[in-house]
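# Structural overview
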Amino acid sequence: MHVLDAAFLTSGVEPRAWPEPRRPEIAVCGRSNVGKSSLLNALLGRRSLARVSRTPGRTRAINFFSLRARMPDGVTTELLLADLPGFGYAQVSRAERAAWRPLIQRYLETRPTLRVVLLLCDARRVLGRREDPSLLREEQELDRWLRESVGREVVPVLTKIDKLSKHERRPAAELAHAMLGADPVLCSALSRQGTDEVWRRVAGALESRPAAEGVL
Ligand SMILES: Nc1nc2c(ncn2[C@@H]2O[C@H](COP(=O)(O)OP(=O)(O)OP(=O)(O)O)[C@@H](O)[C@H]2O)c(=O)[nH]1
Ligand SMILES: [Mg+2]
């Protein structure tokens, strides 16, 4: 899948502020500071379309981006990408943290055109599960809920893989597989490692459900 062009569309907390659900949509979901906005930029081949911040918890609403991509069969498709607010950040107010769950849950559950969820986990936290199995429990629960209750296609992505040494990468992938039951894509927004594989998985997911079955 090859991205032809991309643009920021709109930002919204409430469903009425979201774009009309007319095109297949991909959501980028994960803990605050995991690298959602950075991965989105890397996927779109743009330096700073989505705002990247050193301060976690910056993305508070859902940011929507439109893109045109050439699919593996040569057909050009218009898609939407949704950059979701991060969860689990302790420093935002309690009220804001409490607001996260209903917003994200409502989006993930009800968005009729949502076809793939990229579930991001920091590669270092995944490795950290060897010592502390309680790490990434929210991600594990979210993954199960998405697959089993909502029936979403989930692609696990390990972010910031450049921070692991070469020999740590395979164990991290194996731990993620054991945790989520699927092979993760190992990504770095710095080197753009893994972005082609993410697009391959997305294209596969978009193809796997015939148009007549879904909304689109
Ligand atoms: N080394 C490295 N750093 C990364 C990578 N991806 C993101 N970062 C850094 O991690 C920090 C957070 O990145 P963001 O993309 O803003 O993370 P986010 O998940 O969108 O954060 P929120 O919107 O606050 O939830 C920034 O300082 C990035 O530069 C990566 O692949 N490698
Ligand atoms: Mg962000």
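Everything here concerns the structure above.
A brief report on the enclosed structure follows. (Residues numbered from 1 in each chain as written. Chains lettered and ligands numbered in written order. Predicted model: local features only at pLDDT ≥ 70, side-chain atom pairs only at ≥ 80, totals over all residues. Heavy atoms only, no water.)

### So, the state of the cysteines
Stated precisely, the cut-off is as follows: Throughout, a disulfide means two cysteine sulfur atoms within 2.5 Å of one another. Throughout this description, buried means an accessible area under 20% of the type-specific maximum (1.4 Å probe, protein chains only), exposed means over 50%, and partly exposed covers the range between.
The tally for this structure, following the rule as stated, stands at zero disulfides. Free cysteine C121: the closest other cysteine sulfur is in C29, separated by 9.6 Å. With relative accessibility at 1%, the residue C121 sits in the buried group.

### Observations concerning the environment of L79
What counts is decided by this rule: Secondary structure follows DSSP: runs of H or I at least 4 residues long count as helices, runs of E at least 2 residues long count as strands, and numbering of each begins at the N terminus. Here, residues are in contact when the closest pair of their heavy atoms is within 4.5 Å.
By secondary structure assignment, the location of L79 is in strand β4 (residues 76-83). Considered as a pair, L79 and R68 are eleven residues apart in the sequence and their alpha carbons are 6.2 Å apart. Each residue touching L79, except ones within four places of it in the same chain, is listed here: M1, R23, P24, I26, F65, S66, L67, A69 and L206.

### A word on the sheet that holds strand β1 (residues 2-12)
Our working definition: Pairing between two strands requires that DSSP report at least two bridges joining them. Orientation is described by axes fitted as lines to C-alpha atoms, over the contacting stretch for helices, and by angles from 0 to 180 degrees between their N-to-C directions.
Taken in spatial order, the seven strands of this open sheet run β1-β3-β4-β2-β5-β6-β7, and their pairing is mixed. Both outer strands of the open sheet, β1 and β7 (185-186), are each paired with one neighbouring strand and no more. Those strands touched by helix α4 (residues 137-150) are β2 (25-30), β5 (114-122) and β6 (153-159), and its axis lies near 165° from that of β5. Set on the sheet, helix α5 (residues 166-180) makes contact with β5, β6 and β7; between it and β6 the angle comes to about 150°.

### Brief notes about the nonpolar core
Put simply, the test is: Nonpolar cores are built from buried Ala, Val, Leu, Ile, Met, Phe, Trp, Tyr and Cys residues. Side-chain atoms within 4.5 Å join them into one set.
With 30 residues, the main nonpolar core has L44, L67, L81, L118 and W199 as its most contacted residues. Broken down by secondary-structure element, the contributors of at least two residues to this core are β1, β2, α1 (36-44), β3 (62-70), β4, β5, β6 and α6 (195-208). Counting residues per element, this core draws most heavily on α6, which supplies six residues. Not counting residues up to four positions away in its chain, the partners in contact with L118 are I26, A27, V28, C29, L39, L43, V155, V157, V198 and V202.

### Thoughts on α1
Count 3.6 residues to each turn of an α-helix, and residues three or four apart come out pointing the same way. Within α1, eight of the nine residues are buried, which leaves the element mostly enclosed by the surrounding structure. Every buried residue of α1 is listed here: K36, S37, L39, L40, N41, A42, L43 and L44. Immediately beyond the C-terminal end of α1, within one or two residues, lies G45, with a positive phi of roughly 65°.

### Digging into the pattern of salt bridges
Rule in force here: Any carboxyl oxygen of Asp or Glu that lies within 4 Å of a side-chain nitrogen of Lys or Arg is treated as forming a salt bridge with it.
By the definition in use, this model includes eleven salt bridges. For the salt bridge of R124 with D122, the shortest nitrogen-to-oxygen distance reads 2.9 Å. The exposure class assigned to R124 is partly exposed, which follows from its relative accessible area of 37%. Among the salt bridges present, the one from R201 reaches E197, with a minimum N-O distance of 3.1 Å. Placement of the pair is R201 and E197 together in helix α6, with a separation of four residues, close to one helical turn. Judged by relative accessible area, R201 falls into the partly exposed class, the value being 25%. For E197, a relative accessible area of 27% gives the class partly exposed.

### Considering the pairing of β2
Most of β2 sits out of view: six of its six residues are buried. Residues E25, A27 and C29 line one face of β2 and the alternating positions I26, V28 and G30 line the opposite face, and both faces are buried. Pairing of β2 with β4, which is carried by four bridges, proceeds in the parallel orientation. Its bridge partner being in β4, A27 is matched across the sheet by A82. Note that β2 and β5 share six bridges and pair parallel. Opposite A27, over in β5, you have V117 as the bridge partner.

Purely spatial values, then, with no claim about function.
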